[in-house]
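If you want the building blocks of each chain, they are given just below.
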Amino acid sequence: LAQGSYFAHFRSIPSHFLLLRFFTMGKLHTISRGFRHGTRNKFAKKFRSKGKPGVARYLTNFKRGDYVDIVVDPSIQKGMPHSFYHGRTGIVFNVNRNALGVEITKIVGNRQLRKRMH
């Protein structure tokens, strides 16, 4: 190799310095934390139950004071709650034309918050 080449530079540096530089670079990409991160199994539909929900899902009548379970349907993305609320039970406090208002208790630190969501 010629004296002025690119590889001649690395021969002059001891090998343990090159290894030290290689291991101290750290992560070179950011870890994505989107709205649905970590929900591969939680939002997956069961075997042979793919597709959109039936009409009976939308024709169910709810009244104020009813206890409801929040179950996310991954085939409907509009109005999808956060993954924390999947499987939780709440009380209906409001009925709209196209939404239900549900009140849930959420433990934050050393206190219980009553979260209201539509």
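Structure shown above.
Residues numbered from 1 in each chain as written. Predicted model: local features only at pLDDT ≥ 70, side-chain atom pairs only at ≥ 80, totals over all residues. Heavy atoms only, no water.

Undergrad: With reference to specific residues and values, describe the overall build of the protein.
TA: On a plain count of helices and strands, the protein comes out with two helices and four strands. Moving toward the C terminus, one meets the helices and strands of the protein in the order α-α-β-β-β-β. Counting the 118 residues in the protein, one finds 19% classified as buried. (Helix = DSSP H or I, 4+ residues; strand = E, 2+ residues; numbered from the N terminus. Buried < 20%, exposed > 50% of the residue type's maximum accessible area, 1.4 Å probe, protein only.)

Undergrad: Kindly report on the layout of surface pockets, identifying the contributing residues and their values.
TA: Here the largest pocket is characterised by a volume of approximately 1,200 Å³. In terms of lining residues, the largest pocket is bounded by 25 residues, among which Arg57, Tyr58, Asn98, Ala99 and Leu100 are the most central. Every element with two or more residues in the lining of the largest pocket is listed here: β1 (67–69) and β3 (100–108). Residue composition of the lining of the largest pocket, by class: 15 nonpolar, five polar and five charged. Computed from the structure, the second largest pocket encloses a volume of approximately 170 Å³. Residues of the lining of the second largest pocket, tallied by class, amount to five nonpolar, three polar and six charged. (1 Å grid on protein atoms, 1.4 Å probe; cavity = no way out; pocket = protein on both sides within 12 Å on 5 of 7 lines; lining within 4 Å. Points joined across faces, edges and corners; volume = space filled by probe spheres on them. Nonpolar A, V, L, I, M, F, W, Y, C, P; charged D, E, K, R; others polar.)

Undergrad: Can you lay out the pairing of strand β2 (residues 89–95) for me, pointing to particular residues and giving the numbers?
TA: Across three bridges, the pairing between β1 and β2 is antiparallel. The residue of β2 that forms the bridge with Tyr67 is Ile91. Here four bridges tie β2 to β3, and the two strands are oriented antiparallel to one another. Bridge assignment links Val92 to a residue of β3, and that residue is Val102. (Pairing = 2+ DSSP bridges.)

Functional significance is not addressed by these values, which are geometric in nature.
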